[in-house]
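Report on the structure
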Amino acid sequence: MSDRFLIIGNGVAGITAAFTLRQRHPRAQISVISGESDYFISRTALMYAYMDQLDLRDLEPFERKAYDRQNIQRLRAWVTGLDATRQIVTLDNGLELPYDGLLLATGSVPNRAPWAGVDAVREGLVHFVSLQHLAECERLTPTTRRAAVVGGGLIGVELVECLLHHGVEVDFLVRDAWYWPMALAREEGELIANRIRHHGVHLHLEHEVTSVAADAQGRIASITTNQGTTLPCQMLGVAIGVRPGVDWLRQVATPPELGRGIRVNAQFQTSLPHVYAAGDCAEFTRPDGSAQVEQIWYSAKRQGEAAARAMLGDAVQYQPPLFFNSAKFFDIEYTTVGDVTRLPATATSLFCQFPGPAASLRIIENQGAVIGFNALGTRWNHNVFETWIQQRKSLPDIVSHLRDAQFDVEFGRAPLAPVTAAFAAWQQQVQA
Ligand SMILES: Cc1cc2nc3c(=O)[nH]c(=O)nc-3n(C[C@H](O)[C@H](O)[C@H](O)COP(=O)(O)OP(=O)(O)OC[C@H]3O[C@@H](n4cnc5c(N)ncnc54)[C@H](O)[C@@H]3O)c2cc1C
């Protein structure tokens, strides 16, 4: 491949790809295009900017001069066209840019509110994914006494925490029977729900919005739920999931093959020649034929690096890594490694709670080998957990070495007596 590389999207996937290309190819022309921002930002830290704990500039992981030093050209524009036969993309200002290799790293966009009455709302309905969303949230907050946030994933709970920080009263609507069943079992979901309520949030489980209403000026005024409740609000946070940012590709001259995301093979190649995709927008096919879209930071970074290597001709064979994520629900830290939900019928789990507001550990095993860990409110070294899963360690073995996975942190290590007690109960359960 010759040396004009174009990357659409300056998120962690796109920027990691750009720096990887530069490391390996000192003379290549590398351009990164983004409609959102001039510089790469850490999206996971958006909430700290909203809570005034970080300046916007602090969201930028790299010094601004790094891009010039690395000779990476930055372009601020939305890409609206792609013609793979001419190997050209078109920007919203009409500019046409030729490429030899193109990486689509366009991330995710929030799902739109589907409720009756939404079309009449001209103000007050917010998402929390981009810098533009952050600006809109910040603009509306001073005139908001009460807000509703819909959708119980990580983005929803972060938005709730930010609003609360600014003294806004918040109704938090989650459609499931417990908090975040996609990632947490009932026990952990209930621990987090209690903690959310402890902070003064009105958490409504098994509530869905059916319609919304605006005031005479078009600002959101209330929502009505499937339980018949009407809740007043001046802001409505819509956090009902994200989807790959591929809508624009449906209109271009030569769209790549699309499913939920941009379909790629294990070398990150799309159906178009010289066009690759990585990060939240890329869709892989699992061995069983199902689609896999990984919408997490660490995967996007890893994919950006591997996609760049593939664009340079390396023999890349991407395999989704063992799932790992860490986050915070208010003051409760959360670490998850491996398989913890949608488990095989033969899986069993050891669950224990530690002293503290919401501190727990779940270890999941299947047919003699541990396959997943889910920890709340306690600190563990996820690398050790990963190694244990890869080595197919047994549950008894892991329980006896659990201390090796604990960090020595300022709060001290969680006492392991609850694990020993839970292990005894687990042994009885599997022997019964
Ligand atoms: C509030 C929030 C909290 C999160 N917390 C966590 C967390 O705790 N842990 C975790 O693992 N993940 C978290 N995530 C998810 C994580 O941020 C994403 O997985 C990651 O940022 C994806 O990186 P990416 O490079 O694929 O895409 P993105 O970071 O989305 O970057 C894509 C860029 O491409 C631009 N773009 C899209 N289309 C075009 C176009 N046509 N023309 C020009 N530019 C375009 C977009 O505007 C965007 O700037 C969080 C996400 C959010 C929103």
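Going by the structure above, here's the rest.
Our focus in this paragraph is the pattern of salt bridges. If you walk through the whole model with that rule in mind, you get 26 salt bridges. Its salt-bridge partner being Asp314, residue Arg24 comes within 2.9 Å of it at the nearest N-O pair. Of this pair, Arg24 sits in helix α1 (residues 12-24) while Asp314 sits in the loop between α7 (297-311) and β22 (324-329), and the two are 290 residues apart along the sequence. A salt bridge links Asp397 to Lys393; its shortest N-O distance comes to 3.8 Å. The partly exposed category is assigned to Asp397, whose relative accessible area is 25%. When salt bridges with common partners are traced through the structure, they connect Arg24, Glu305, Arg309 and Asp314 into a single cluster.

Quick look at the site of the ligand now. The environment of the ligand is formed by 33 residues, the closest being Ala13, Glu36, Arg43, Val79 and Asp280. With respect to the ligand, the backbone of Gly35 contributes an N or O atom lying 3.1 Å from a nitrogen atom. Calculation on the ligand without its partners gives an accessible area of 1,000 Å², and the protein chains cover 93% of this total. Taken together, the elements giving at least two residues each to the shell around the ligand come down to α1, β2 (29-34), α5 (154-165), α7 and β22. The residue inventory of the shell around the ligand, partitioned by class, reads 16 nonpolar, 13 polar and four charged.

The subject of this paragraph is the packing of aromatic side chains. A full pass over the atoms with the stated rule returns 21 aromatic pairs. Ring centres of Phe385 and Trp388 lie 6.2 Å apart, and the angle between their planes is 45°; this geometry places the pair in the tilted category. With Phe385 and Trp388 both in helix α8 (residues 382-390) and three residues apart, this pair spans about one turn of that helix. The exposure classification of Phe385 matches that of Trp388, with both residues buried. A network of ring pairs unites the aromatic residues Phe19, Tyr39, Phe40, Phe62, Tyr67 and Trp297 as a single cluster.

This part covers the side chain of Ser299. With respect to the element layout, Ser299 can be found in helix α7. The residues contacting Ser299, other than those within four sequence positions of it, are Glu294, Tyr318 and Pro321.

Turning our eyes to something else, we now look at α1. For the α-helix, the turn length of 3.6 residues means that residues three or four positions removed from each other point alike. Spanning 13 residues, α1 covers 18 Å between terminal C-alpha atoms, matching the ideal 18 Å at 1.5 Å per step. The buried fraction of α1 is high, at eleven of 13 residues.

What follows covers the environment of Ser360. With respect to the helices and strands, the residue Ser360 is situated in strand β25 (residues 359-366). Residues Ser360 and Thr378, spaced 18 residues apart in sequence, show a C-alpha to C-alpha distance of 7.1 Å. In this view, Ser360 contacts Glu188, Leu191, Phe351, Cys352, Gln353, Phe354, Asn374, Ala375, Leu376 and Thr378; residues no more than four positions away in its chain are not counted.

Glancing now at the packing of α1 against α7. Between α1 and α7, whose axes approach to 7 Å, the crossing angle comes to 35°. The handedness of the crossing between α1 and α7 comes out as right-handed. Between α1, through Val12, Ala13, Thr16, Ala17, Thr20, Leu21 and Arg24, and α7, the contact on the second element is made entirely by Trp297, Ala300, Lys301, Gly304, Glu305, Ala308, Arg309 and Met311. Grouping the amino acids of the contact of α1 with α7 by side-chain chemistry returns eight nonpolar, three polar and four charged.

So, on to the sheet that holds strand β15 (residues 230-232). Pairing in this open sheet of three strands is antiparallel, and the strands run β13-β14-β15 from one edge to the other. Every interior strand has two partners, whereas the edge strands, β13 (209-214) and β15, have only one. Going from strand to strand, the sheet's axes swing by 20° on average, the running direction of each strand aside. As judged from the three bridges shared by strand β14 (residues 220-225) and β15, these two strands associate in the antiparallel manner. Within β15, the residue paired with Ile223 across the bridge is Leu231.

Rules and cut-offs
- Per chain, the residues get numbers from 1 upward, laid out in the order the sequence is written.
- Restriction of local features to residues with pLDDT of at least 70 applies here, the model being predicted, together with a cutoff of 80 or more for giving and counting side-chain atom pairs; totals for whole chains, interfaces and linings are based on all residues.
- Calculated side-chain values reflect all of the structure's heavy atoms, with hydrogen atoms and water omitted.
- In the sections that follow, a salt bridge refers to a side-chain nitrogen of Lys or Arg positioned within 4 Å of a carboxyl oxygen of Asp or Glu.
- Only DSSP runs of H or I with at least four residues qualify as helices, and only runs of E with at least two residues qualify as strands; both kinds are numbered from the N terminus onward.
- Remark: exposure states derive from per-residue accessible area (1.4 Å probe, protein chains only) relative to the maximum for the residue type, with buried under 20%, exposed over 50%, and partly exposed in between.
- Here, proximity means that at least one heavy atom of the residue falls within 4 Å of the molecule or strand.
- Whenever two N or O atoms come within 3.5 Å, that pair is a polar contact, provided that in protein one can donate a hydrogen and the other can accept it, and provided that, for residues adjacent in sequence, both atoms are side-chain atoms.
- Note that accessible areas follow from Shrake-Rupley with a 1.4 Å probe, and for residues the cover is restricted to the protein chains shown.
- Residue type decides the class: Asp, Glu, Lys and Arg count as charged, Ala, Val, Leu, Ile, Met, Phe, Trp, Tyr, Cys and Pro as nonpolar, and the leftover types, Gly among them, as polar.
- Side-chain rings of Phe, Tyr and Trp, where Trp is taken by its six-membered ring, are said to pair if the distance between their centres is within 6.5 Å; with planes under 30 degrees apart they count as stacked, over 60 as edge-to-face, and otherwise as tilted.
- What makes two residues a contact is simply this: any of their non-hydrogen atoms within 4.5 Å.
- To estimate how far a helix should extend, the number of its residues minus one is multiplied by 1.5 Å.
- For every element, the axis is a line fit to its C-alpha atoms; helices are fit only across the contacting stretch, and the angle between N-to-C directions ranges from 0 to 180 degrees.
- By convention the crossing between two helices is left-handed if the near helix lies anticlockwise of the far one by an angle smaller than a right angle, and right-handed if it lies clockwise.
- Strand pairing requires that DSSP identify at least two bridges connecting the strands.

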